[in-house]
Structures are given as structure tokens and as C-alpha cells.
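Fold and contact review
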Amino acid sequence: MAYNDFNMDSHWLPFTPNRHFRKEPRVFVRADGMHFTTHDGRQVIDGISSLWCVGAGHNRKPINEAIKKQLDTLDYATAFNAANDQAFLAAEKIAAMAPGDLNKVLFCNSGSEAADTSLKVALAYHRARGEGHRNVFIGRERGYHGVGFGGMSVGGIPSNRKVYGAALLPRVDHMRFIHDPANAYIHNQEPQSQEDYLLELENRILPLHDPSNVAAIIVEPVAGSAGWYIPPQGYLKRLREICDKHGILLIFDEVITGFGRMGTNFGADFYGVVPDMLNFAKCVTNGVIPLGGVICRDRIYDAMMKTDAPEHVIEFFHGYTYSGHPVSCAAAIATLDLYQKENLFQRAGEMGKVLGDAFHSTFKGLPNVIGIRSLGLAAAVELAPIAGKPGKRAYDIFLDCFKKGSLVRPAGDVLVIAPPYVVEKEHISTLVNTLADSIKAHA
């Protein structure tokens, strides 16, 4: 099927330069295992888990069969004043995987919705405790928490915010970013830094707003969308201590790091830090059907249930038409079972070392390479930008790799590879060598 067989007039692509895409379309029509088939019959290795989602590889029969069975049993049911069995089963399974007393799951449909949900929970929780004045949120520079107005407000990627500034939440501040240029080359370790990246939080941000007014701090354990930036050793543990000291909720956005990418259930497990809320999406259903959620600590749920209102009154006015959708939850149950049966989280940790070794042995010293970062089953190579054209070099390399059969992810002037957990060494070799050749060709 040729690209001109598609009428492209109606589809407005997300996070895509649509004008250029129409000149050079990239359309997938099939997928299996580690590969896509394009509209023109080419095979392309999925080097990015299709936006960090497809942990178990494409077209996995146990997930497909669970979806088909669920469609024939209960296709949809309202989530308001009723529930479905699959939602209870999925919530139980997810809560059992979460660390500490993160036991209460609020379902939604995406990471963006999870971010906004967690912020609303934070406000409602403090109000339920008689501290409704806590309404300040703190995010981090270059953080990504989706595209809802709440998530954009606490997010810190300028291009995602600049057009919408007048409508962003007013009482939001941002911690400084976590990257130390002295740690340009990080290989399967937590970097150590002479910089104190939380000093400004303690000495400026919290005193400016007064800690008693702060509802929550939200961070990604690893800054994924910005380009796989890894926090300094001890950073998240100290952030937990600061939040505990001031009664501030700590939210981990684990839409990318959750469900195996770090070789563990969650980034929280990898770093040994239990947040008060944990946002998830993406790999929970292997990307097959949208599902997201927020896992809350017991005390948050308990505080909301301790109300003098009559029992017929809703405790938390929030939810979505598709919260806990039975087909999505059936897909999640099958996906999580498959991860466990095939030990895919452990495999992700093992293959992450292979990926990191390949990155550092291949890219170091190549033209324009100014940084290499690897941890878990993801690695990034950072390039010097073209003067006056930020992002152009990485975008051109992304296009070149695609033409050569490898899907990589451009993020500004960073290129990321984060393959499915079923990746083999030969796939990694092909992805890395294709990317290296393209970097040299675009020097």
C-alpha cells in the first residue's frame, strides 16, 4: 500500500511536525515481536517500545486473547455508582506490585490524566485534613507530566508550556534540573555530583511559598521525556525526607519508569523510596489499550473517607467515563501475568547492561556527541545542537535511522533507545550501529 492511498487531510498528528510528515509519511500497518511493517512493506525495529509502552513486544497472544474474551463477556460498564470485576482484579494486582502501603488504585486512561488526578487528590487530601490552604505545587525544570493543564503547569519543558501560559495553574514553582554536565557519561550507575540540586528547594522555593502552603512535589524518578536524565545519588531519598519534614506529599510520575523499565516493578523500588502517590500508564497494558492510574498510600484514602457527610455523598468528585474500563483492565491483568511468567522485568535489567555497554563503546568519541546516559533498559546519546536550529540534528538522524529500518526517539538534541524487554542482542547491535552510522553521516 503506497502512502498516497491514504487521505491525510483529516488526521492531525500529535507531537509531530505535520507539514513535514505529509511530505515523508511514516505509516505502520502491522507489528509483531520487535518489528513493525510499514505501509510500503518495510520492516522497522521498534527501538523505543513505541513510546515506552510495549514492554513485552508486539502482538502477544495472551494479551490479545484476554481482550477478545473480555469483549465477548462484558464490553463496557459505567464506572459511576457501579463497577466491574476486572477493575477490582487489576487494582488488586497493581497494588500488590507497588511498594510500601501504596494500596489504593484510582484508574484513568493515560499518563496525562494520571498527573492531573494525582494533583487533585493532593488538594482534596489536604482539605479533608483541615489544611485546604495547601495549594502550591512544585515540579521540576524539564519534567514531563502530560498535556493536561495541571500536568503542563507542574511540567517544565518550555515548548509544552509557552503557548498556554495564561491558563496554567498560578501557584506552581519548579526545582532546578538534575543534570550535572560533569556527569555527561553515565553507565548503569547513579551519578555523584558536587552540586546540591535540592539546596534551592530548601533555601528559596519552600521559604518563598512557606512549606505549610505546599500540597505536593511531583517528579519523574528518571527524567524520561527530556532525554533520560538520571538523578544524582541520594537525590530522591533526600527529597522524600524534605517532604516528610514539611508534611508535603511526594508524587512519583512513573508512566515511563513503571512496570519493568528499570529492571524492577517501579522506579520507586529501584531507588528505595516510597512516594505518597505513584502515577502509571503505558506498559501496564503493553500499550495495547489505554489505561492509566494513580496508586495512593492508605492514609490518603483513609483521610478522604473520614467525613461527617452522609454516606450517600461522594467523597471525591473526580473520575472518567472510562475509569477502570473492563477491557483495559483485562488487558492489564494479562500483561502483568505475562511479564511475571516470562521474568521480563529481570530480563529488562539484564539487557539494559547490554544496551549501556553498546552505547558507551560505540558512541563515545563520535562527532558532536557530548553525553551518553544509560540506566535500566534505556540509553540516550546527547548531541551538540546545530547553531540556531535546536533539535534539527537529532530529527534528521531519526529520519535517517527510520529509512534504514530502526525506530529511535528524538528528544530535543538527544536520541534515545528504549526497546521492548524481549529485545535480543542482535537487535541492540542493529539499533546502535544504525544510529552510530547516522550520527557520523550527519556530522
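See the structure above.
Residues numbered from 1 in each chain as written. Predicted model: local features only at pLDDT ≥ 70, side-chain atom pairs only at ≥ 80, totals over all residues. Heavy atoms only, no water.

**Section: the overall build of the chain**
- The number of helices and strands found in the chain is 16 helices and 16 strands.
- In terms of overall dimensions, the chain is globule-like: its C-alpha atoms have a radius of gyration of 22 Å, near the 22 Å expected for 443 residues.
- Counting only residues that meet the buried cut, the chain has 55% of its 443 residues in that class.
- Across the chain, every contact between residues at least 6 apart in sequence was considered, and the portion connecting residues at least 24 apart equals 72%.
- Working note: accessible area of the chain is about 19,500 Å², and carbon and sulfur atoms make up 52% of it.
- Charge centroids of the chain, computed over 45 positive and 47 negative side chains, lie 5 Å from each other. (Helix = DSSP H or I, 4+ residues; strand = E, 2+ residues; numbered from the N terminus. Rg over C-alpha atoms; globule rule 2.2 N^0.38 Å. Buried < 20%, exposed > 50% of the residue type's maximum accessible area, 1.4 Å probe, protein only. Contact = heavy atoms within 4.5 Å. Areas by Shrake-Rupley, 256 points an atom, 1.4 Å probe, with all protein chains shown as cover. Lys, Arg positive; Asp, Glu negative; His and termini not counted. Charge placed at Lys NZ, Arg CZ, Asp CG, Glu CD.)

**With respect to the pairing of strand E2 (residues 35–38)**
- The pairing of strand E1 (residues 28–32) with E2 spans 4 bridges and is antiparallel. In the sheet register, Asp32 faces E2, and the bridge partner there is His35.
- Counted between consecutive antiparallel strands, the loop separating E1 from E2 contains 2 residues, among which Gly33 sits at a positive phi close to 60°.
- In this antiparallel pair of consecutive strands, E2 and strand E3 (residues 43–46), the connection spans 4 residues, and Gly41 shows a positive phi of 85°. (Pairing = 2+ DSSP bridges.)

**Describing the sheet that holds E3**
- Spatially, E1-E2-E3-E14 is the arrangement adopted by the 4 strands of the open sheet, whose pairing is mixed. Lying at the two open borders of the sheet, with one neighbouring strand each, are E1 and strand E14 (406–407).
- Pairing geometry for E3 and E14, over 2 bridges, is parallel. In the sheet register, Asp46 faces E14, and the bridge partner there is Leu407.

**Some points on the packing of aromatic side chains**
- Counting across every chain of the model gives 14 aromatic pairs.
- The interplanar angle of 50° and the centroid separation of 5.9 Å between the aromatic rings of Phe28 and Phe402 together place this pair among those described as tilted. Taken together, the residues Phe28 in strand E1 and Phe402 in helix H15 (residues 392–403) connect sequence positions 374 residues apart.
- Owing to a relative accessible area of 33%, Phe28 belongs among the partly exposed residues under this scheme. (Phe/Tyr/Trp six-rings, centres within 6.5 Å; stacked < 30°, edge-to-face > 60°.)

**Re the environment of Ala348**
- Relative to the assigned elements, Ala348 resides in helix H14 (residues 344–363).
- With relative accessibility at 0%, the residue Ala348 sits in the buried group.

**Thoughts on the side chain of His58**
- With respect to the helices, strands and loops of the structure, His58 is situated in the loop between helix H2 (49–52) and helix H3 (61–73).
- Judged by relative accessible area, His58 falls into the buried class, the value being 11%.
- Here Asp46 takes part through its side chain, which lies 2.7 Å from a polar atom of the side chain of His58.
- Sequence-distant contacts of His58, that is, excluding residues within four places in its chain, are made with Ala31, Asp32, Gly33, Phe36, Asp46 and Ser50. (Polar contact = N/O pair within 3.5 Å; in protein donor to acceptor, adjacent residues only side chain to side chain.)

**Description of the packing of helix H4 (residues 85–97) against helix H13 (residues 326–341)**
- For the pair H4 and H13, the least separation of the axes is 8 Å and the interaxial angle reads 40°. Pair H4 / H13 crosses with left-handed handedness. Residue-level contacts link Gln86, Ala87, Leu89, Ala90, Lys93, Ile94 and Met97 of H4 to Pro326, Cys329, Ala330, Ile333, Leu336 and Asp337 of H13. (Axes fitted to C-alpha atoms, helices over the stretch in contact; angles between N-to-C directions. Left-handed = near helix turned anticlockwise from the far one by under 90°.)

**A short note on the side chain of Ser438**
- Within the fold, Ser438 resides in helix H16 (residues 425–441).
- With a relative accessible area of 0%, Ser438 lands in the buried category.
- Setting aside residues no more than four positions away along its own chain, Ser438 makes contact with Ile397, Asp400, Cys401 and Lys404.

**Section: the packing of helix H8 (residues 199–209) against helix H10 (residues 235–246)**
- At a closest axis distance of 10 Å, the pairing of H8 and H10 adopts a crossing angle of 30°. When the interaxial angle is binned, H8 and H10 end up roughly parallel. Across the interface between the two elements, Leu199, Leu201, Glu202 and Leu206 of H8 pack against Arg238, Leu239, Ile242 and His246 of H10.
- When grouped by side-chain class, the residues that make up the contact of H8 with H10 number 5 nonpolar, 1 polar and 2 charged. (Parallel < 35°, antiparallel > 145°, perpendicular 65-115°, else oblique. Nonpolar A, V, L, I, M, F, W, Y, C, P; charged D, E, K, R; others polar.)

**Thoughts on the sheet that holds strand E5 (residues 136–140)**
- Sheet architecture is open: 7 strands sit in the order E4-E11-E10-E9-E8-E5-E6, paired in mixed fashion. Edge positions in the open sheet fall to strand E4 (102–108) and strand E6 (172–175), since each of these has one partner strand only. With strand direction ignored, the average angle separating the axes of adjacent strands in the sheet is 20°.
- Where strand E10 (residues 277–280) meets strand E11 (residues 292–297), 4 bridges bridge the pair, whose relative direction is antiparallel. Each bridged residue has a counterpart across the sheet, and for Met277 the counterpart in E11 is Cys296.
- Most of the contacts of H10 go to strand E9 (residues 249–253), to which it runs at about 150°, and overall it touches E5, E6, strand E8 (214–219), E9 and E11.

**Digging into H10**
- Between its terminal C-alpha atoms H10 stretches 17 Å, which fits the 16 Å expected from 12 residues at 1.5 Å a residue.
- Just past H10, the residue Gly247 takes up positive phi, approximately 70°. (Expected span 1.5 Å × (residues − 1).)

**Re a nonpolar patch on the surface**
- Together, Phe149, Val163 and Tyr164 make up an exposed nonpolar region whose accessible area comes to about 310 Å².
- Looking at where Tyr164 falls in the secondary structure, it is placed in the loop between helix H7 (158–161) and E6.
- Its relative accessible area of 38% is what places Tyr164 among the partly exposed residues. (Patch = residues over 30% accessible without salt bridge, like charges linked within 9 Å, V, L, I, M, F, W, Y side chains within 5 Å. Salt bridge = Lys/Arg side-chain N within 4 Å of Asp/Glu carboxyl O.)

**Focus: helix H5 (residues 111–128)**
- In a regular helix each residue adds 1.5 Å, so 18 residues correspond to 26 Å; H5 covers 25 Å between its end C-alpha atoms and thus fits that length.
- Regarding H5, the residues found buried are Gly111, Ser112, Ala114, Ala115, Asp116, Thr117, Ser118, Leu119, Val121, Ala122, Tyr125 and His126.
- By the N-cap criterion, in which a side-chain oxygen at the helix start approaches the backbone nitrogen of a residue two or three places on, H5 is capped by Ser110, the distance to Ser112 being 3.4 Å.
- Taken from the residues just after H5, Gly130 is the one with a positive phi, measuring 85°.

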